[in-house]
Amino acid sequence: MIRCNLSSVLVHDQQRAEDFYVGKLGFAKKQDFPAGGARWLTVIAADGSGAELALEPSGYEFARAYQKALYDRGIPLTSLGCDDVQAEYERLTELGVQFRGEPQKHADFPTTAVFEDGCGNLIMLHEA
């Protein structure tokens with residue numbers, strides 16, 4: 001069976017990304033070591049479950065262009081799951097996370113909310 005063990009999020013600044021994904025979202029740092037002039041930096045859910053998320057520098061112009069195009073069009077780069085979007089929206093809003101609106105309930109899709117990660121991305125939060 002094939003499954004996702006690692007996914008990447010492009011970020012402008014790895015330290016800022018670490019501060020946000022660990023300090024505000026609540027992920028735990030899993031790997032952090034020098035790699036090609038940057039860091040191989042991954043985080044994982046605090047309970048150790050799920051795939052690792054690599055906080056990867058958007059060092060190439062084409063990567064920055066792709067990231068900016070998604071952001072400018074309001075398209076989330078990826079989606080993260082949680083048990084209760086409304087509760088996370090309230091918790092994260094108190095921590096200063098900028099959302100693009102209040103959580104939206106959908107008839108045939110889980111409740112979602114979109115926030116800015118401060119590293120050039122919009123991230124969708126969905127009930128899983």
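Scope of this entry: the structure provided in the associated data block. (Residues numbered from 1 in each chain as written. Predicted model: local features only at pLDDT ≥ 70, side-chain atom pairs only at ≥ 80, totals over all residues. Heavy atoms only, no water.)

Let us now look at the sheet that holds strand β3 (residues 38–44). Across a sheet, paired strands are connected by hydrogen bonds in the backbone, their directions being either parallel or antiparallel. Strand order across the open sheet formed by four strands is β1-β4-β3-β2, with mixed pairing between neighbours. A strand with exactly one partner marks an edge of an open sheet, and here the two such strands are β1 (6–11) and β2 (28–35). Across the sheet, the mean angle from the axis of one strand to that of its neighbour is 25 degrees, orientation sign disregarded. As paired strands, β3 and strand β4 (residues 52–57) are joined by two bridges and run antiparallel to one another. Counted as the bridge partner of Thr42 is Ala54 from β4. Against the sheet, helix α1 (residues 14–24) contacts β1, β2, β3 and β4, and its axis sits at roughly 10 degrees relative to β3. (Pairing = 2+ DSSP bridges. Helix = DSSP H or I, 4+ residues; strand = E, 2+ residues; numbered from the N terminus. Axes fitted to C-alpha atoms, helices over the stretch in contact; angles between N-to-C directions. Contact = heavy atoms within 4.5 Å.)

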